[in-house]
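Below are the chains, spelled out letter by letter.
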Amino acid sequence: MNYREAVPPPPVTLDDVRGAQKMLSGVARVTAMESSRYLSRLVGAPVHLKCENLQRTGSFKLRGAYVRIAGLLPEQRAAGVVAASAGNHAQGVALASALLGVRATVFMPNGAPLPKISATREYGADVRLHGQVVDETLAAAQEYAAETGAVFIHPFDHPDVIAGQGTVGLEILEQCPEVRTVVVGVGGGGLAAGIAVAVKALRPEVRIVGVQAAGSAAYPPSLAAGRPVSVENPATMADGIKVGRPGDVPFAIIEDLVDEVRTVTEDQLSAALLLCLERAKLVVEPAGASPVAALLGDPGAFEGPVVAVLSGGNVDPVLMQRVLRHGMAAQGRYLAVRLRLTDRPGALATLLGVLSVADANVLDVSHVRTDPRLGLTEAEVELHLETMGPAHCAEVGDALRKAGYTVID
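A. View of unusual backbone geometry. A cis amide bond, omega 0°, links Gly-304 with the succeeding residue Pro-305. Within the secondary structure, Pro-305 sits in the loop between α13 (290-297) and β10 (306-310). With a phi angle near 50°, Asn-233 is a residue other than glycine that sits in the positive phi range. Tracing the backbone shows Asn-233 in the loop between α10 (219-225) and α11 (248-257). Judged by its relative accessible area of 69%, Asn-233 is exposed. Non-glycine residue Lys-281 carries a positive phi angle of around 60°. Within the secondary structure layout, Lys-281 lies in the loop between α12 (266-278) and α13. Of the residues examined, Lys-281 reaches a relative accessible area of 65% and is grouped as exposed.

B. Structural view of the state of the cysteines. Per the counting criterion, the structure on display carries zero disulfides. Distance from the sulfur of Cys-51, which forms no disulfide, to the nearest cysteine sulfur (Cys-276) is 8.7 Å. For the unlinked cysteine Cys-176, the closest cysteine sulfur is that of Cys-51, found at 13 Å.

C. Just the nonpolar core, in detail. With 64 residues, the main nonpolar core has Ile-69 and Val-81 as its most contacted residues. The dominant element in this core, judged by the number of residues it contributes, is helix α9 (residues 190-202), at eight residues. Not counting residues up to four positions away in its chain, the partners in contact with Ile-69 are Arg-77, Val-81, Val-93, Ala-96, Ser-97, Leu-100, Val-102 and Ile-153. Listed in part, the 39 residues of the second largest apolar core include Ala-45, Met-237, Leu-269 and Val-315.

D. Examining the sheet that holds strand β5 (residues 126-129) more closely. Pairing is parallel across the open sheet formed by four strands, whose spatial order is β5-β4-β3-β6. For this open sheet the edge positions go to β5 and β6 (151-152), each flanked by a neighbour on one side alone. Bridge count for strand β4 (residues 104-108) against β5 is four bridges, and the pairing is parallel. When the sheet's bridge partners are listed, Met-108 is paired in β5 with Leu-129.

E. Layout of the packing of α9 against α11. Look at α9 against α11: their axes get within 9 Å of each other, and the N-to-C directions meet at 45°. Our classification of the angle between α9 and α11 gives oblique. For α9 against α11, the interelement crossing comes out left-handed. Within the contact between the two elements, α9 uses Gly-190, Ala-192, Ala-193, Ala-196, Val-197 and Lys-200 and α11 uses Pro-250, Ile-253, Ile-254 and Leu-257. A class-by-class count of the residues in the contact of α9 with α11 yields eight nonpolar, one polar and one charged.

F. Local environment of the environment of Ala-125. Relative to the helices and strands, Ala-125 resides in the loop between α6 (114-122) and β5. A sequence separation of 170 residues divides Ala-125 from Leu-295, and the C-alpha atoms of the two residues are 37 Å apart. Setting aside its immediate chain neighbours within four residues, Ala-125 contacts Ala-94, Ala-104, Val-106 and Thr-120.

G. Summary view of the sheet that holds strand β7 (residues 181-185). An order of β1-β2-β10-β7-β8-β9 is seen for the six strands of this open sheet, with the pairing classed as mixed. This sheet does not close on itself; its edge strands, each paired only once, are β1 (33-35) and β9 (260-264). The sheet shows a mean angle of 25° between the axes of neighbouring strands, direction not considered. Pairing of β1 with strand β2 (residues 47-51), which is carried by three bridges, proceeds in the antiparallel orientation. The residue of β2 that forms the bridge with Glu-34 is Leu-49.

H. Examining the pattern of salt bridges more closely. Overall, the coordinates contain 13 salt bridges when judged by the stated rule. Across the salt bridge formed by Asp-298 and Arg-262, the nearest N and O atoms sit 3.2 Å from each other. With Asp-298 in the loop between α13 and β10 and Arg-262 in strand β9, this pair connects stretches of sequence that are 36 residues apart. One connected set of salt bridges, linked through shared partners, spans Lys-50, Glu-52, Arg-63 and Glu-171.

I. Up close: a nonpolar patch on the surface. Together, Leu-352, Val-362 and Val-365 line one region of the surface with nonpolar side chains, adding up to about 170 Å² of accessible area. As for its position among the elements, Leu-352 is in helix α15 (residues 347-357).

J. Representation of the packing of helix α1 (residues 14-24) against α9 within the structure. Interhelical geometry of α1 versus α9 gives an angle of 115° and a closest axis separation of 9 Å. When the interaxial angle is binned, α1 and α9 end up roughly perpendicular. Crossing of α1 against α9: the hand is left-handed. Together, Leu-14, Val-17 and Arg-18 of α1 and Val-197, Ala-198, Ala-201 and Leu-202 of α9 make up the contact between the two elements. Here the contact of α1 with α9 is composed, by residue class, of six nonpolar, no polar and one charged.

K. Up close: the environment of Val-47. Following the sequence through the fold, Val-47 ends up in strand β2. Considering only alpha carbons, one finds Val-47 and Ser-36, eleven residues apart in sequence, at a separation of 5.8 Å. In this view, Val-47 contacts Glu-34, Ser-35, Ser-36, Leu-39, Ser-40, Leu-295 and Val-306; residues no more than four positions away in its chain are not counted.

About the criteria used
Residues numbered from 1 in each chain as written. Predicted model: local features only at pLDDT ≥ 70, side-chain atom pairs only at ≥ 80, totals over all residues. Heavy atoms only, no water. Helix = DSSP H or I, 4+ residues; strand = E, 2+ residues; numbered from the N terminus. Buried < 20%, exposed > 50% of the residue type's maximum accessible area, 1.4 Å probe, protein only. Disulfide = S-S within 2.5 Å. Core = buried A, V, L, I, M, F, W, Y, C linked by side-chain atoms within 4.5 Å. Contact = heavy atoms within 4.5 Å. Pairing = 2+ DSSP bridges. Axes fitted to C-alpha atoms, helices over the stretch in contact; angles between N-to-C directions. Parallel < 35°, antiparallel > 145°, perpendicular 65-115°, else oblique. Left-handed = near helix turned anticlockwise from the far one by under 90°. Nonpolar A, V, L, I, M, F, W, Y, C, P; charged D, E, K, R; others polar. Salt bridge = Lys/Arg side-chain N within 4 Å of Asp/Glu carboxyl O. Patch = residues over 30% accessible without salt bridge, like charges linked within 9 Å, V, L, I, M, F, W, Y side chains within 5 Å. Areas by Shrake-Rupley, 256 points an atom, 1.4 Å probe, with all protein chains shown as cover.

Here it is as structure tokens:
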């Protein structure tokens, strides 16, 4: 007699995702899909942007949170729910709980962006600030769950959450049935896993590419090891995918169904956010821009039509300002120069005139006249300039040299 080892059922199936889609009808928006002429020219094939940044609460997180909470037993709902998040998951849980009439407590780290804290409170959650990093906040939320009986709503490591996020995949196939590649940011892996379940079940030939920030990329070593492993001190501006360890449930799905996980740099993330704002007129947070960063980094690697999932748009205005400046620098559109000139009346005006003729936009000027390093008749000027790209930066440098100025390294 031949005995075969029993194959465990998959943690999330297409039927689960379809059930989640029915549950979310009238709750989550079917978000728009916009074509990008710029990215299409770059890639050499049609590129479409799936705009989950326009979802209620500003990200895809509402989908999974609602499905998870809606599936609780009456006695579990009565006990309330608790979550830990720096922003997007917090808002998703808060709104889902309000819609379902469930009491929600959300732990957020000290220093979380004020707009995200305010939005979470406005959705009706009891917000408690604890810890400096999300791991400390997570521990506090789990301790609260153990003490009170509240149900802990994990941001990505639960089948119901993954099924909810998978509804994005069903929408992609409905809106772009000819899709050949789906590119999606990966943190803990819930969104990528859900999309992979839906897309691969219906269109197994479609390639699924995950994207992680290089400074917080736990999936490549985990996939190499065949199990989730942790990355110490993850660091990236993309806090939405800043996760030190893959979730057990999404990891098993991603290992089986996702074709590739790539990494992108901070410069590429900045440039992608800037491109979304300038070319697509879409406000996208760094994590949401990670698929666009991958396209910018290696445009020839993606077979079209391509759908890039913009997972969220909840970006702190202060961070946005810094990231845009960083993105401009990464594209060669921001130039900082330091030089010395003779300290006499009109010297600074003459310098600015040279820059005006060169069509460089002066953003900031620092004029130092008293410093031990300077001679008696010298002054030092540091200028931050907006330019039109690397070629223009070179032209500005040439103009300064022709005018007799020496740039200090």
